[in-house]
Amino acid sequence: MLETQEQHHPTEGSEVIMMSDQMTANSSYSASALEIQASHEPTFRQGLLALAKSSWINMLVVFIPFGIASHFVWNSTVTFVLNFIAIIPLAKLLGFATEDIALRTGEVIGGLLNASFGNAVELIVSIIALSQNLVVVVQASMLGSILSNLLLVLGMCFWFGGYKYQEQSFNTIVAQTSASLLFIATISLLLPAAFYASVGKAETSDELKDDILNISRATSVILLIIYFAFLFFQLKTHKEMFLQSPSEAKRTSYQVRRTSTSNNLERMLYQQKKQQNHAEEEEEIPQMPFWLACISLLVVTALVAVCAEFLVSAIEDVVEQWHISETFVGLILLPIVGNAAEHVTAVTVAIKNKMDLALGVAVGSSMQIALLITPLMVIIGWGMNVEMSLLFNVFETAVMLISVVMVNYLMMDGKSNWLEGFMLIMLYIVLAICFFYYPDAAASELGK
């Protein structure tokens, strides 16, 4: 017995040494392979093929010329349907180009870049609507975009990512900073409504309107300062904090229930295999030249803006035919179409367990709309002599507060699962039902 045990231990030790040598050799081989791959920049032809074959959804690009032509030839219903379908492959191509650029710039700048190009659609549509004095539509689309990104897009990220991984982790510092900025944006919408309700009939309607406009314009300037201060904080002074990697996510298939000490070697083999698989999944290389990815990003964004503009122009006639309120269109339908690009991108990277990039797209897009796009619309309206303000009525501000509090509570621990995403999506559906019955007469209170 003793001789057998004495012979057994050296065997375990030799296996451990061989295991260590094998792991070292494999890791060095993987590192050298990655260096070889990184040293070869993709050619123009390889980049075009990668862009065309990035998804089967790209077959729908044939609807893009028909959608653009339908605005000048066919009726509004056909224009709406064709442009709605055309935006789907454009959103996918935009996500592919952004992710390819993010491989070179990192998740922080990549998420910021995608959120910026995704919100370009809202910015263009809002400026056009402001030029036509459609203040209610602009306010509804701004609030609807925030709710869509916070509840629907983020909920889909948690939900689909949770089906592949039992629990996903993201940077807690980023989550807490995002929560604070979103709460500041919510306060900026609550204060004008509280001022309006408190003053009441103490002032005339013209005096009250002037006060609300002055408060909104001053608050918008402060919000812009806060946003650019956040950019300086994120990209300059505390860049390392945002680049910290969270702990590895747990796959749903990961079940190790070992009780015997003799299975230590099996655990080491499993950990080695898991690390190799994780490296294969996470260590991706760009598939397009950098200049081609940038040009693709600009061209696809321009096409999205054109199709979205034609879609918006067709929605008005469709609303009259289907008897849907303009508030419901601005708060629910337009944001879903406008956020299609970042929606596809955020869900795609969440499935790949890149939760920091997913949050940078979903939550970062909401912050950009609340802290950049909305106050910018107030300033632009000021220059156009349009009475664009931050005044939202009590129901809309309550919806905003509920959504931000819900998201802040779920992001507090820096972890996510599919149930949290399911709850966010269900909350969005409840709010959509409420806004479906919300009358247009209650959409704006300024000047009434």
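Quick caveat, the model's predicted, so the values are computed rather than measured.

The rules behind the values
Residue positions are given per chain, counted from 1 along the sequence in the order it is written. The predicted origin of the model limits local features to residues at a pLDDT of at least 70 and limits the giving and counting of side-chain atom pairs to 80 or more, whereas totals for whole chains, interfaces and linings rest on all residues. Excluded from the side-chain calculation are hydrogens and water; included are all heavy atoms of the structure. For helices the rule is a DSSP run of H or I covering at least 4 residues; for strands it is a run of E covering at least 2, with both sets numbered from the N terminus onward. Exposure is judged per residue with a 1.4 Å probe applied to protein chains only, and the accessible area is read against the type maximum: over 50% gives exposed, under 20% gives buried, and values in between give partly exposed. Note on contacts: a residue pair is in contact if any heavy atoms of the two residues lie within 4.5 Å. Working definition of accessibility: Shrake-Rupley area with a 1.4 Å probe, residue cover restricted to the visible protein chains. The pLDDT score gives, residue by residue, the confidence of the prediction method on a 0 to 100 scale. Two rings from Phe, Tyr or Trp (for Trp, the six-membered ring) form a pair when their centres are within 6.5 Å of each other. A pair whose planes differ by under 30 degrees is stacked, one over 60 is edge-to-face, and the rest are tilted. Exposure above 30% relative accessible area and the absence of a salt bridge qualify a residue for a patch, where like charges join within 9 Å and nonpolar side chains (Val, Leu, Ile, Met, Phe, Trp, Tyr) within 5 Å. One side-chain nitrogen of Lys or Arg within 4 Å of one carboxyl oxygen of Asp or Glu is enough to make a salt bridge. Where helices are involved, their axes are fitted lines through C-alpha atoms of the stretch in contact, as for all axes, and angles between N-to-C directions lie from 0 to 180°. Orientation labels follow simple angle bins: below 35 degrees gives roughly parallel, above 145 gives roughly antiparallel, 65 to 115 gives roughly perpendicular, and whatever is left gives oblique. A crossing counts as left-handed when the near helix is turned anticlockwise from the far one by less than a right angle, and as right-handed when that turn is clockwise. Under the convention adopted here, Pro, Cys and the residues Ala, Val, Leu, Ile, Met, Phe, Trp and Tyr are nonpolar, Asp, Glu, Lys and Arg are charged, and Gly plus all remaining residues are polar. Take the buried residues of types Ala, Val, Leu, Ile, Met, Phe, Trp, Tyr and Cys, join any two whose side-chain atoms come within 4.5 Å, and each joined set is a nonpolar core. The charge count includes Lys and Arg as positive and Asp and Glu as negative, but it does not include His or the ends of the chains. Throughout, a charge is located at the NZ atom of Lys, the CZ atom of Arg, the CG atom of Asp or the CD atom of Glu. In protein, a polar contact requires one atom able to donate a hydrogen and another able to accept it; more generally it is a pair of N or O atoms within 3.5 Å, and residues adjacent in sequence count only if both atoms are side-chain atoms. For a helix, the expected span equals 1.5 Å multiplied by the number of residues minus one. Two axes enter the definition of the bend at a residue: one is fitted to the seven residues ending there, the other to the seven starting there, and the bend is the angle between them.

Asks: Please set out the overall build of the chain residue by residue, giving values where relevant.
Replies: Regarding its fold elements, the chain presents 17 helices and three strands. Here the chain holds 448 residues, and 46% of them are scored as buried. The contacts in the chain between residues at least 6 apart in sequence include a share of 85% that link residues at least 24 apart. Looking at the chain as shown, the accessible area adds up to about 22,300 Å², and 65% of this sits on carbon and sulfur atoms.

Asks: Can you break down the confidence of the model for the chain residue by residue, with the values?
Replies: Chain-level statistics for the chain give a pLDDT mean of 77 and a share of 76% at 70 or above. For the chain, helix α1 (residues 2-39) is the element with the lowest average pLDDT, namely 45, and helix α17 (residues 418-436) is the one with the highest, namely 93. In this model, residues 1-38 is a region of pLDDT below 50 whose contacts with residues beyond four sequence positions or in other chains number 12 contacts. In the model, residues 253-267 has pLDDT below 50 throughout and makes 12 contacts with residues more than four positions away in sequence or in other chains.

Asks: Kindly report on the packing of aromatic side chains, identifying the contributing residues and their values.
Replies: The tally for this structure, following the rule as stated, stands at 14 aromatic pairs. When the ring of Trp159 is compared with that of Tyr163, the centres are 6.1 Å apart and the planes differ by 35°; the resulting orientation is tilted. Taken together, the positions of Trp159 and Tyr163, both in helix α7 (residues 135-164) and four residues apart, correspond to about one turn of that helix. Through pairs of rings, three or more aromatic residues link up here, namely Trp159, Phe160, Tyr163, Trp418 and Phe422.

Asks: A description of unusual backbone geometry should follow, citing residues and the corresponding values.
Replies: For Asn353, which is not a glycine, the phi torsion comes out positive at approximately 65°. Not every positive phi belongs to a glycine, and Asn385 is a case in point at roughly 60°. Looking at the element boundaries, Asn385 is found in the loop between α15 (355-383) and α16 (394-411). Overall, the relative accessible area of 70% leaves Asn385 in the exposed class.

Asks: Any chance you could break down a nonpolar patch on the surface for me, citing the residues and the numbers?
Replies: A grouping of Tyr163, Trp418, Leu419, Phe422, Met423, Met426, Ile429, Ile433, Phe436 and Tyr437 is seen on the molecular surface, where their side chains present a nonpolar patch of about 990 Å² in accessible area. Considering each element in turn, the nonpolar patch owes the most residues, eight residues, to α17. Structurally, Met426 is set in helix α17. Its relative accessible area of 32% is what places Met426 among the partly exposed residues.

Asks: Could you give an account of the packing of helix α9 (residues 205-237) against α15, naming the residues involved and the relevant values?
Replies: At a minimum axis distance of 8 Å, the contact between α9 and α15 shows a crossing angle of 140°. Relative to α15, the element α9 lies oblique. α9 and α15 meet at a crossing whose hand is left-handed. Touching Ser216, Arg217, Ser220, Val221, Leu223, Leu224, Tyr227, Phe228 and Phe230 of α9 are Met367, Gln368, Ala370, Leu371, Leu372, Pro375, Leu376, Val378, Ile379 and Trp382, all from α15. The residue inventory of the contact of α9 with α15, partitioned by class, reads 15 nonpolar, three polar and one charged.

Asks: Lay out the nonpolar core in plain terms, naming residues and giving numbers.
Replies: Counting residues in each nonpolar core, the largest one holds 71 residues, and the members touching the most others are Leu151, Leu154, Leu359 and Met411. Met411 has contacts with Leu154, Phe170, Ala175, Ala179, Leu359 and Val363, leaving out every residue within four places of it along the chain. Judged by nonpolar contacts, the second largest core, of 27 residues, contains Ile87, Met288, Ala293 and Ala340.

Asks: Residue-level account of a negative patch on the surface, with values.
Replies: A surface patch of negative charge is lined by Glu316, Asp317, Glu320 and Glu326. Considering each element in turn, the negative patch owes the most residues, three residues, to helix α12 (residues 290-322). In this structure, Asp317 sits in helix α12. Take Asp317: its relative accessible area is 34%, and that puts it in the partly exposed class.

Asks: Would you mind going over the environment of Leu51 in detail, with residue names and values included?
Replies: Relative to the elements of secondary structure, Leu51 occurs in helix α2 (residues 44-52). When neighbours within four sequence positions are excluded, Leu51 is seen to be in contact with Asn58, Leu93, Phe96, Met288 and Ser296.

Asks: Give a detailed account of the packing of α16 against α17, specifying residues and quantitative values.
Replies: For any two helices packed against each other, one specifies the crossing angle of their axes together with the interaxial distance. Where α16 meets α17, the axes come as close as 11 Å, and the angle between the chain directions of the two elements is 175°. Taken together, the axis directions place α16 and α17 in an arrangement best described as roughly antiparallel. Taking contact as the criterion, the partners of Phe395, Glu396, Val399, Ser403, Met406, Val407 and Leu410 in α16 are, on α17, Glu420, Met423, Leu424, Leu427, Leu431, Cys434 and Phe435. When its residues are assigned to classes, the contact of α16 with α17 shows 11 nonpolar, one polar and two charged.

Asks: Any details on the side chain of Asn149? Residues and values, ideally.
Replies: Mapping Asn149 onto the fold places it in helix α7. The class for Asn149 is buried, based on a relative accessible area of 0%. At 2.8 Å, the side chain of Asn149 and the backbone oxygen of Ser145 are in polar contact. In contact with Asn149, not counting residues within four places along its chain, are Leu154, Asn339, Glu342, Val361, Ala362, Ser365, Ser366 and Ile369.

Asks: Describe in detail the environment of Val399, supporting the description with residues and values.
Replies: Here Val399 shows up in helix α16. Each C-alpha atom, one on Val399 and one on Leu431, is 7.6 Å from the other, the two residues being 32 residues apart in sequence. Leaving out residues up to four positions away in the same chain, Val399 has contacts with Leu147, Leu431 and Phe435.

Asks: I'd love a proper account of the environment of Leu371, names of residues and values included.
Replies: Within the secondary structure, Leu371 is located in helix α15. Taking C-alpha positions, Leu371 is 8.2 Å from Leu181, a pair spaced 190 residues apart along the chain. Filtering out sequence-adjacent residues up to four positions away, Leu371 remains in contact with Leu181, Ala185, Leu223, Leu224 and Tyr227.

Asks: Any chance you could break down α15 for me, citing the residues and the numbers?
Replies: With 29 residues, α15 should cover 42 Å at 1.5 Å per step; its first-to-last C-alpha distance of 39 Å lies within 8% of that length. A bend of about 40° at Ile369 is the largest found in α15. Extensive coverage of α15 is indicated by the burial of 23 of its 29 residues.

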